[in-house]
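Here is how the chains run, residue by residue.
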Amino acid sequence: MPVDGFMYPNEAELQWSVLIVLYPFLTGLVAGAFILASLERIFHVNAVRPTYRLALLTALSFLLISPLPLQLHLGRPERSLEMYLTPHRTSAMAMFGFVYLWYLMAVLVLEIWLDYRHEIVKLAISSTGWKRIVYRLMTLSSTNISKGALKVDDRVGYAVTMIGIPSAFLLHGYVGFIFGSVKANPWWSSPLMPVVFLFSAMVSGIAMVMLLYMGFTHLRKQMIDMRCVDTIAQYLLYIFLIDFALEMLDLIHRIYEADESFRSLGFMLHTKLFFSQVILQVLVGTVVPIALLGLIQFTNLAENLRRKIYATSAVLALIGIFAMRWNVVIGGQLFSKSFLGYTSYKLDLISREGLFVATGLMILPFVVLYVLIKLLPPWPTDTAQVAGAD
Amino acid sequence: MSITRRQILILLPAAALSWKYLLAGTPELAPSYTQVDHWWGMLIDIPKCIGCGNCVRACKTENNVPDGYFRTWVERYHVDDFNLETPTVDSPDGAINGFPESKEHGGKNFFVPKMCNHCVDSPCTQVCPVGATFDSKDGVVLIDEKYCLGCRYCIQACPYGCRFLHPVKRTAEKCTLCYHRITKGLTTACAENCPTGARQLADLKDPNDPIHEYLRTHSVQVLKPHLATGAKVYYNGLDGSVR
């Protein structure tokens, strides 16, 4: 590794690769998608109802894949189960395993099952072949779909979502804590880190679901519910503004305090991280989408143009949030803890932690989502129902 | 009583062996070693270090440290007048072959040996997800390599850059304070091989250990005290420029 200045001899090798960048990115999408789903369920924002189920399935797809990059990154992956069997209670990483399991099993899977149980039971009767077996297994022998039973489902589902919101906050706040609690690293060590991670997670999750909704509706040759997309875009803007304010607060605080690490971190911003942080994260991935989304609030643009602007903003927001994860994880390892030198990160193409594997891991959640959508269609088959939904 | 030449020839090698044994110190047998009776640390006397790299070589040989990774290393500092914040530092290959002649002129120059600080409140132990890194009862931070996942969180958490991932074992590794030696009454490989006595193993629980007298009579400091890790590697003559 090329080293500028002085690094402790063991530091020249970067420990956490692009896979560890993917991990907070994927979990962030989960938390954000779930928060969007809860907007309809708990806060009764009826306009976003067309995305409710899609958001839940998106969250599940990404959640199922999110531990994979961690697993692939381990030096001894065959021992990973030890984290559950003999966890070390003071370790943020060990406790994250339980937060993850809680969120997966007690919140997301349960909520999706309760929401779909009615249809699963019907599909278990109407379908044939292997699908019938799958649906029958999915009923978990709970086949009562009487009005009373469905009411119970709805009530329990509501309670699960109520628990789910703080759980989603916990899930991604905790990811931020894994980095924010490392006092050895001034780039990470900040009490704001969990909060910044959380809001950026919401931005990425909401942007992703908005994009998927528009994409799927387009592919299905259906009309995009503009009231729904307008509302999502509005929430996206508000949360984006909070996220940006928090990130700027962190930056201004660092600049004003200018502690011993500042020279080192400032140098990185001007050199190694200039493109990924200043250009991609701040300008392209934050300022531009905020400006675009803000523009729509003050103008009366045509639907077609609005859709294009929403899609562009969502893509840019996702790029920006990915760049943010990159800058945190990779950026935090480019400088020496002696603050006297810098190293570089070279992304391999074909290796266990290379670009191909990372790309594959990024595609995998969409494959899972495709299967889930095939099994549990998130939209009514009748278009009239979509229009009448809200 | 007279000794024949034949007897001398037999006795001399025996005497040589005895002398070597005495020099090495009487090893305490591991079964009689009681962890709670000890509290290990290290004293590093910076003015005594000549940057020869003997300690690095000894450590590598004793502990089979892989090439390019270091359980201990030596840094060379060059500090210009009034410029404590940006010293020029180098440590070619961890100083395993010592140092080439310095190109810097003026200012002050000195060597700083580095190693795991065996912190009382070690951040690496705190973050290990499975407890593979642990604090022994005698104050040494150790790693159970049969248990480590290789997640590298500990490497990120160490403020001193003392840890690395073993390229073959794929588990975290660092200085053990030569635990296999100190529990047998020996000193560490680095301290044993330091020609100037710049490194001294210290048992802080032993009232007869010279460390107590030394700490009373010298101005000592630990690395990065603001991080409050409870580092137990004490430096005498530590300059403010040292990171």
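Residues numbered from 1 in each chain as written. Chains lettered and ligands numbered in written order. Predicted model: local features only at pLDDT ≥ 70, side-chain atom pairs only at ≥ 80, totals over all residues.

## Here's the deal with the overall build of chain A
Inclusion rule: Numbering of helices and strands starts at the N terminus; helices are DSSP runs of H or I of at least 4 residues and strands are runs of E of at least 2. Only C-alpha atoms enter the radius of gyration; for comparison, a globular chain is expected to reach 2.2 Å times N to the power 0.38, where N is the number of residues. Exposure is read from a count of other C-beta atoms within 10 Å of each residue's own; the residue is exposed at 12 or fewer, buried at 20 or more and partly exposed in between. C-beta atoms are placed from the backbone. For every residue pair, C-beta atoms are placed from the backbone, and the pair is scored as a contact if these atoms sit within 7 Å.
Looking only at helices and strands, chain A features 14 helices and two strands. A compact globule built from 390 residues should have a C-alpha radius of gyration of about 21 Å, and chain A, at 22 Å, falls within 12% of that. Relative to its full complement of 390 residues, chain A shows a buried share of 44%. Taking as baseline every contact in chain A between residues at least 6 positions apart, the subset at least 24 positions apart corresponds to 79%.

## Digging into the sheet that holds strand β4 (residues 108–115) of chain B
All names here are of chain B. Rule in force here: Two strands pair under a simple rule: DSSP has to find at least two bridges between them. For helices, the fitted line uses only the C-alpha atoms of the stretch in contact; every axis is such a line through C-alpha atoms, and the angle between N-to-C directions lies from 0 to 180 degrees.
Spatial strand order, β3-β2-β4: three strands in an open sheet with antiparallel pairing. The sheet is open, and its two edges are formed by β3 (88–90) and β4, each paired on a single side. Adjacent strand axes in the sheet meet at a mean angle of 25°, parallel and antiparallel pairs treated alike. Where strand β2 (residues 72–79) and β4 come together, eight bridges link them in antiparallel fashion. Opposite R76, over in β4, you have F111 as the bridge partner. Running at roughly 160° to β2, helix α2 (residues 54–63) makes contact with β2 and β4 of the sheet.

## Concerning the nonpolar core
Rule in force here: Throughout this description, the term nonpolar core refers to a group of buried Ala, Val, Leu, Ile, Met, Phe, Trp, Tyr and Cys residues whose C-beta atoms join them within 7 Å.
Core analysis: the largest hydrophobic core is formed by 168 residues, its most contacted members being A:A59 and A:M210. Look past the residues within four positions of A:M210 in its chain and what remains in contact with it is A:V229, A:I232, A:A233, A:L236, A:Y310 and A:A314.

## Remarks on unusual backbone geometry
One non-glycine residue, A:L140, adopts positive backbone phi at about 55°. Among the structural elements, A:L140 can be located in the loop between α6 (129–139) and α7 (147–180). A:L140 gets classed as exposed once you count the C-beta atoms within 10 Å, which come to 10. Of note, B:K224 is a non-glycine position whose phi angle comes to about 45°, a positive value. Relative to the helices and strands, B:K224 resides in the loop between β10 (220–221) and β11 (233–236).

## Some thoughts on the interface of chain B and chain A
To keep it simple, the criterion reads: Gly is placed with the polar residues, together with every amino acid not listed as nonpolar (Ala, Val, Leu, Ile, Met, Phe, Trp, Tyr, Cys and Pro) or charged (Asp, Glu, Lys and Arg).
At the junction of the two partners, chain B supplies 34 residues and chain A supplies 30 residues. Elements with a minimum of two residues in the side of chain B that touches chain A: β3, α3 (123–127), α4 (153–157) and β7 (164–165) of chain B. By residue number, the principal contributor to the side of chain B that touches chain A is α4(B), which donates four residues. Class assignment of the residues belonging to the side of chain B that touches chain A gives a composition of 21 nonpolar, eight polar and five charged.

## Overview of the packing of helix α1 (residues 18–41) of chain A against helix α8 (residues 193–219) of chain A
Residue and element names in this part refer to chain A. Filter applied, for reference: Just so you know how the angles are binned, under 35 degrees is roughly parallel, over 145 roughly antiparallel, 65 to 115 roughly perpendicular, and the rest oblique.
α8 packs onto α1 with a crossing angle of 70° between their chain directions and a minimal axis gap of 6 Å. It follows that α1 is roughly perpendicular to α8 by the angle criterion. The segment α1 lies against α8, with P24, G28, L29, V30, A31, G32, A33, I35 and L36 engaging F197, S200, A201, M202, V203, S204, G205, I206, M208 and V209. Residues that form the contact of α1 with α8 fall into these classes: 14 nonpolar, five polar and no charged.

## What to know about the confidence of the model for chain B
Short version of the rule: Per residue, pLDDT measures the predictor's confidence, with a range of 0 to 100.
On average, residues of chain B score 92 in pLDDT, and 95% of them reach the 70 mark or higher. In the predicted assembly, ipTM is 0.91 and pTM is 0.90.

## Let's talk about helix α2 (residues 52–65) of chain A
Structural remark: α-helix, 3.6 residues per turn; residues separated by three or four positions point the same way. What counts is decided by this rule: The span you would expect from a helix comes to 1.5 Å times its residue count less one.
Spanning 14 residues, α2(A) covers 21 Å between terminal C-alpha atoms, matching the ideal 20 Å at 1.5 Å per step. Here α2(A) lies mainly inside the structure; 13 of its 14 residues are buried.

## Here we look at the sheet that holds strand β9 (residues 199–203) of chain B
Residue and element names in this part refer to chain B. Strand order in the open sheet made by the four strands is β9-β1-β11-β10, with mixed pairing throughout. A strand with exactly one partner marks an edge of an open sheet, and here the two such strands are β9 and β10. As paired elements, β10 and β11 share two bridges and run antiparallel to each other. When the bridges of β11 are listed, V220 appears paired with N236.

## So, the pairing of β11(B)
Two elements, strand β1 (residues 40–45) of chain B and β11(B), share four bridges in a ladder whose sense is parallel. By the bridge assignment for β11(B), B:D45 is matched with B:N236.

## Points about the packing of α1(A) against α2(A)
Residue and element names in this part refer to chain A. The condition that has to hold: Each crossing gets its hand from how the near helix is turned against the far one by less than a right angle, where anticlockwise is left-handed and clockwise is right-handed.
Their axes nearest at 8 Å, the elements α1 and α2 cross at an angle of 160°. With respect to α2, the axis of α1 lies roughly antiparallel. As α1 packs across α2, the resulting crossing turns out to be left-handed. On α2, the residues that touch L26, L29, V30, A33, F34, L36, A37, E40 and R41 of α1 are Y52, A55, L56, T58, A59, F62, L63 and I65. In terms of residue class, the contact of α1 with α2 is built from 14 nonpolar, one polar and two charged.

## Focus on the environment of B:K205
All names here are of chain B. By the element assignment, K205 lies in the loop between β9 and α7 (211–217). In this structure K205 comes out as partly exposed when scored by C-beta crowding, with 14 C-beta atoms within 10 Å. A C-alpha to C-alpha distance of 24 Å links K205 and G237, two positions 32 residues apart in sequence. Setting aside chain neighbours within four positions, we find K205 in contact with D37, H38 and W39.

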